[in-house]
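Per-entry structural report
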Amino acid sequence: MTLKNILVHVDSNAGSMARIDLATSLARRSDARLVGVFGQRTHADHVGIIVNWPPEEYTASVELAREMFVRATAGLLNSDWHDINRGSEREVLKQITDYSRYGDLMVFGQQTNYMDDIVPQQLAEEVAISSGRPVLVVPRSGDFPNIGRRPLIVWNGSRESARALNDSLALIEKGADAILLSLANTDDEARQASIEVERHLACHGISAQKEVYSKYSEGTWELILNLVANSGADLLVMGAHEHIGFPFVSCDVVHKEAPIPVLTSS
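Read on for an overview of the structure. (Residues numbered from 1 in each chain as written. Predicted model: local features only at pLDDT ≥ 70, side-chain atom pairs only at ≥ 80, totals over all residues. Heavy atoms only, no water.)

A count of helical and extended segments in the protein chain gives 8 helices and 12 strands. The buried share among the 266 residues of the protein chain stands at 52%. When contacts within the protein chain are restricted to residue pairs at least 6 apart in sequence, those whose partners lie at least 24 apart make up 79%. Of the roughly 12,100 Å² that the protein chain leaves accessible, carbon and sulfur atoms contribute 50%. Each charge sign in the protein chain was given a centre, from 24 positive and 35 negative side chains, and these centres are 5 Å apart. (Helix = DSSP H or I, 4+ residues; strand = E, 2+ residues; numbered from the N terminus. Buried < 20%, exposed > 50% of the residue type's maximum accessible area, 1.4 Å probe, protein only. Contact = heavy atoms within 4.5 Å. Areas by Shrake-Rupley, 256 points an atom, 1.4 Å probe, with all protein chains shown as cover. Lys, Arg positive; Asp, Glu negative; His and termini not counted. Charge placed at Lys NZ, Arg CZ, Asp CG, Glu CD.)

Per the stated rule, a full pass over the model turns up 14 salt bridges. The partner of arginine 149 in a salt bridge is glutamate 173, and the shortest N-O contact between them spans 3.5 Å. In this pair, arginine 149 sits in the loop between strand 7 (135-138) and strand 8 (151-155) while glutamate 173 sits in the loop between helix 5 (159-168) and strand 9 (177-184), placing the two residues 24 residues apart along the sequence. Classification of glutamate 173 by relative accessible area gives partly exposed; the value is 26%. Notably, a salt bridge pairs aspartate 188 with arginine 191, separated by 3.3 Å at the nearest N-O pair. In this pair, aspartate 188 and arginine 191 are both assigned in helix 6 (residues 187-203), 3 residues apart and thus about one turn of the helix distant. Under the relative-accessibility criterion, aspartate 188 is labelled exposed at 58%. (Salt bridge = Lys/Arg side-chain N within 4 Å of Asp/Glu carboxyl O.)

If you add up the space inside the largest pocket, you get close to 230 Å³. Around the largest pocket, the lining comprises 21 residues; the ones closest to its centre are Asn13, Gly109, Gln110, Thr112 and Asp117. Of all the secondary-structure elements, those providing two or more residues to the lining of the largest pocket are strand 6 (105-109) and helix 4 (123-130). Every residue along the wall of the second largest pocket is listed here: Gln40, Arg41, Thr42, His43, Glu57, Ser61, Gly87, Ser88, Glu89 and Ile118. In the lining of the second largest pocket, the residues fall into 1 nonpolar, 6 polar and 3 charged. (1 Å grid on protein atoms, 1.4 Å probe; cavity = no way out; pocket = protein on both sides within 12 Å on 5 of 7 lines; lining within 4 Å. Points joined across faces, edges and corners; volume = space filled by probe spheres on them. Nonpolar A, V, L, I, M, F, W, Y, C, P; charged D, E, K, R; others polar.)

Attention now moves to helix 3 (residues 89-100). Spacing of three or four residues puts side chains on the same side of an α-helix, whose turn is 3.6 residues. When the terminal C-alpha atoms of helix 3 are compared, their 16 Å separation across 12 residues agrees well with the 16 Å that a helix rising 1.5 Å per residue should span. Taken together, the buried positions of helix 3 are Val92, Leu93, Ile96, Thr97, Tyr99 and Ser100. Buried positions in helix 3, seen along its axis, are confined to an arc of 165° and lie on one side of it. (Expected span 1.5 Å × (residues − 1). Arc of directions from axis to C-beta.)

So, about the packing of aromatic side chains. Tallied over the full model, the rule gives 5 aromatic pairs. Where phenylalanine 38 meets tryptophan 81, the ring centres are 6.2 Å apart and the plane angle is 40°; that geometry is what we call tilted. Remark: tryptophan 81 occurs in strand 5 (residues 79-83) and phenylalanine 38 occurs in strand 2 (residues 33-38); sequence separation between them is 43 residues. On the basis of relative accessibility, which here comes to 0%, the residue phenylalanine 38 falls in the buried class. Given a relative accessible area of 24%, tryptophan 81 falls into the partly exposed group. (Phe/Tyr/Trp six-rings, centres within 6.5 Å; stacked < 30°, edge-to-face > 60°.)

Right under this line is the structure:
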């Protein structure tokens with residue numbers, strides 16, 4: 001897959017700048033169009049029974065975010081701005097999920113556990129599972145100007161894993177040295193699957209270091225985090241699995257706790 005139309009979610013949170021910078025870097029690398037998609041929770045103003053939308057607070061937030069996006073994308077040949085112009089959690093989720101279907105990749109910030117966050121807690125997860133498009137989630141802290149030189153690919157032989165692996169090829173640099181974590185019910189199954197994945201990656205000019213074979217266990221997420229810390233990985237690739245799809249590693253956990261950018265697909 002070639003990235004030619006990248007969407008990046010923008011809001012008033014401090015983490016917006018880091019993901020705009022990463023999305024801009026990807027757009028430059030792929031000569032792609034970049035669209036800033038603004039959306040966050042806001043209550044409409046009420047004067048008696050009269051509802052005023054958008055409220056001044058929302059309008060001011062949109063304008064500041066747009067100015068930040070324009071500065072960051074200066075020099076891009078093709079960039080656009082889209083305000084979903086909705087404030088309820090339900091509408092923010094729906095509008096951004098629907099709009100994400102028009103892009104090759106949607107870039108989000110890492111989710112939080114805070115009920116009062118201006119962004120719905122399940123936004124990235126909802127888009128990953130419901131939009132049919134790959135999602136790149138950028139951590140709340142840290143700078144990630146370049147990704148794809150040292151990807152960690154988590155494979156469990158599912159449809160979601162296959163989609164994520166395919167979608168990640170647009171982000172992984174040719175000649176990259178990947179780490180492959182193959183998970184299955186038995187070590188033999190995991191080992192055989194890793195051989196096939198390694199062959200597939202080689203067809204795309206990507207070498208794979210098969211460091212770990214593991215049965216499913218309650219420590220799967222800890223295993224992944226340890227690999228990230230010890231391998232120098234700059235991108236985590238795994239399917240957007242729900243709780244029953246990838247034992248002990250839910251999409252929600254990955255989107256909230258991963259220390260590096262995560263590419264997920266469903």
